[in-house]
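Analysis of the macromolecular model
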2 protein chains.
Amino acid sequence: MPTANLDLTFQALADPTRRGMVERLSLGPASVSELAAPYAMSLPAIVQHLALLEASGLVRSEKVGRVRTCRMEPAALSLAEQWFNQRRAEAEQRLDRLGEYLKRFPDGDPT
Amino acid sequence: MPTANLDLTFQALADPTRRGMVERLSLGPASVSELAAPYAMSLPAIVQHLALLEASGLVRSEKVGRVRTCRMEPAALSLAEQWFNQRRAEAEQRLDRLGEYLKRFPDGDPT
DNA sequence: TATATAGTTAGGTAATTGCTTAAGTATGGA
DNA sequence: TCCATACTTAAGCAATTACCTAACTATATA
């Protein structure tokens, strides 16, 4: 339902850095600097990416002491996944109907 | 594997107009003006959205006479879907390992 | 052949994105 | 208490995005 959230989710996943961060977090929680380690860019840039991931709901984080620990929010992932499933379901339904139709009128239009 | 293509795919799906067009095309092929009909924006804007959908490989189109017919390319959708499946698989694996671990050391660290 | 239809091309603009550097603020350890 | 660590905030900038209008090119149809 919340189409705005799908916007944010897909937008978040459209960037290879952010997708990399999600891949990392799918293996388990990580601190900001751990997330940043594989990338050549500045820490503020990473933090900005993280902010988008949090805005989309894909990632949640909490700070204890001076380290912020980030972890995946699986529900947000599955929301996007559902969208794909619906599209596939529709496409398959359509092809089923087309199949039925062709079985009844193998030569095309029933004219 | 082609991470650049995932970029384009998710980028394409991040916009509600384009996502709407994909939803429409999941029900079956449509002409450019049919795709444009539900939206308040100009035709050139729609054509631009369509160009992004084609660049991502989600949609393919061909022009016959003066009408261009657009249709879904299911393979591109399933590429994105696979990415989600991998993420979920990893997350579940991790939780399984965590479960095993807790079964062996119910009190936490094995120190 | 004239006119409407379906789409295309070109150019412009305001807002957003993905970075950067510089200068902070807490927190934890020697 | 001093210093390093782990971020955070602010400001700026070049490139991209999502539109727009105006003008154009084909292809049907009357």
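All figures in this text were calculated on a predicted structure; none of them were measured in a lab.

In this section: the pairing of strand E2 (residues 59-64) of chain A. All names here are of chain A. In this sheet, strand E3 (residues 67-72) lies alongside E2 in antiparallel orientation, the contact comprising six bridges. Its bridge partner being in E3, Val64 is matched across the sheet by Val67. Connecting E2 to the antiparallel partner E3 that follows it, the hairpin turn spans two residues, and Gly65 within it adopts a positive phi of roughly 65°.

Moving on, we come to the protein's contact with DNA strand D. DNA strand D sits among 20 residues. The nearest are Ser33, Arg66 and Arg68 of chain A together with Ser42 and Gly65 of chain B. When the atoms of DNA strand D within 4 Å of the protein are grouped by moiety, sugar and phosphate amount to 69% of the total. Here Lys63 of chain A contributes a side-chain N or O atom positioned 3.5 Å from a sugar or linking oxygen of DNA strand D. Contacts to DNA strand D include Ser42 of chain B, whose side-chain N or O atom sits 2.7 Å from a phosphate oxygen. Looking at the surface near DNA strand D, the elements that each hand over two or more residues are helix H3 (32-36), helix H4 (43-56) and E3 of chain A together with helix H4 (43-56) of chain B. In terms of residues, the surface near DNA strand D owes the most to one element, H4 of chain B, which gives five residues.

Moving on, we get to the packing of aromatic side chains. To describe a pair of aromatic rings, you give the distance between the ring centres and the angle between the ring planes. Residues and elements named next belong to chain A. Within this structure, the stated rule accounts for eight aromatic pairs over all chains. Note on Phe10 and Phe84: the rings are 5.8 Å apart at their centroids and 85° apart in plane angle, and the pair reads as edge-to-face. Residue Phe10 is located in helix H1 (residues 3-13), and its partner Phe84 is located in helix H5 (residues 74-104); the two are separated by 74 residues in the primary sequence. Classification of Phe84 as buried rests on a relative accessible area of 1%. The residue whose ring lies beneath Arg87 is Trp83, and the NZ or CZ to ring-centre distance is 4.9 Å.

Residues and elements named next belong to chain B. The antiparallel open sheet is built from three strands, whose spatial order is E1-E3-E2. One side of each edge strand has no neighbouring strand; the edge strands of this open sheet are strand E1 (30-31) and strand E2 (59-64). Against the sheet, H4 touches E2 and strand E3 (67-72), its axis set at about 120° to E2.

Below, the discussion takes up the side chain of His49 of chain B. Summarising the element assignment, His49 of chain B is placed in helix H4. Since its relative accessible area comes to 14%, His49 of chain B is described here as buried.

This next bit is on the nonpolar core. Among the nonpolar cores identified, the biggest contains 48 residues, and Phe10 and Phe84 of chain A together with Phe10 and Phe84 of chain B are the most heavily contacted of them. For Phe10 of chain A, the residues in contact, after removing those within four places along its chain, are Ala80, Trp83 and Phe84 of chain A together with Phe10, Leu13, Ala14, Arg19 and Phe84 of chain B.

The rules behind the values
- Residues numbered from 1 in each chain as written.
- Chains lettered and ligands numbered in written order.
- Predicted model: local features only at pLDDT ≥ 70, side-chain atom pairs only at ≥ 80, totals over all residues.
- Heavy atoms only, no water.
- Pairing = 2+ DSSP bridges.
- Helix = DSSP H or I, 4+ residues; strand = E, 2+ residues; numbered from the N terminus.
- Near = heavy atom within 4 Å.
- Polar contact = N/O pair within 3.5 Å; in protein donor to acceptor, adjacent residues only side chain to side chain.
- Phe/Tyr/Trp six-rings, centres within 6.5 Å; stacked < 30°, edge-to-face > 60°.
- Buried < 20%, exposed > 50% of the residue type's maximum accessible area, 1.4 Å probe, protein only.
- Lys NZ or Arg CZ within 6 Å of the ring centre and 35° of its normal.
- Contact = heavy atoms within 4.5 Å.
- Axes fitted to C-alpha atoms, helices over the stretch in contact; angles between N-to-C directions.
- Core = buried A, V, L, I, M, F, W, Y, C linked by side-chain atoms within 4.5 Å.

Worth remembering: the numbers are spatial, not functional.
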